[in-house]
Amino acid sequence: MPNKLRKVSRHLHLWISLSIFLPVIIVIGSGLLLQVKKEIDWIQPPTQKVGQTLLEEATDSSSTIISSQQILQAVQTVSNAQLTHWEDIDRLDIRPNKGIIKVRGNNHWEVQLNAYTGAVLQTAYRRTDTIESIHDGSWFFEGAKLYLFLPAALLLFVIWLTGIVMLFTTLKSKYRKKQARLQQSS
């Protein structure tokens with residue numbers, strides 16, 4: 001049985017690995033990019049810092065975070081972000097302890113504002129959302145996430161299992177051959 005099991009495992013391992021090659025390479029490549037997103041500004045713009053004295057003054061005094069109307073007015077001044085209405089904005093990331101408001105547009109542009117003055121600190125294109133959608137498969141077409149990438153992940157698990165079977169059957173076979181040689185030499 002072990003030889004037959006090893007042979008079946010090898011065939012399964014080979015054909016399954018060939019069938020899921022492309023989705024697995026996409027997941028690995030995009031996953032590697034997501035692992036270093038904080039280190040590479042091209043992937044995700046770094047969070048700007050508000051000067052410590054300005055932040056202390058704003059939080060110690062009666063200063064409040066700017067209003068939603070002021071946020072919209074501030075991002076409207078950034079022409080390349082093309083954020084003119086609330087419908088253009090995907091989300092706000094408000095970080096009062098850092099004095100920053102990140103305004104993320106549906107078009108993946110990000111505008112970082114000083115939370116207390118409304119000054120534009122940085123405007124940059126944010127690629128992490130696109131890379132995440134490539135990573136999970138939803139970027140390619142509707143249903144790719146569920147009907148292509150999920151089965152590829154399940155088949156990758158099968159490849160791992162067949163690899164374990166091949167490893168143990170090979171080690172067991174080598175152990176038996178070594179024991180047989182030792183008995184013959186005695």
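Here's what I pulled together on the structure shown here. (Residues numbered from 1 in each chain as written. Predicted model: local features only at pLDDT ≥ 70, side-chain atom pairs only at ≥ 80, totals over all residues. Heavy atoms only, no water.)

A closer look at the pairing of strand β3 (residues 109-114)
With five of its six residues buried, β3 lies for the most part within the structure. Of the pairings in the sheet, the one linking strand β2 (residues 100-105) to β3 comprises five bridges and is antiparallel in character. In the strand pairing of β3, I101 is matched with L113. The turn joining β2 and β3, which pair antiparallel and follow one another in sequence, is formed by three residues; a positive phi near 75° is taken by H108. The pairing of β3 with strand β4 (residues 120-125) spans five bridges and is antiparallel. The residue of β4 that forms the bridge with E110 is A124. (Buried < 20%, exposed > 50% of the residue type's maximum accessible area, 1.4 Å probe, protein only. Helix = DSSP H or I, 4+ residues; strand = E, 2+ residues; numbered from the N terminus. Pairing = 2+ DSSP bridges.)

Some details on helix α5 (residues 128-136)
Within the sequence span of α5, burial applies to T128, D129, I131 and S133. Here the buried face of α5 lies against α2 (21-35) and β2. (Contact = heavy atoms within 4.5 Å.)

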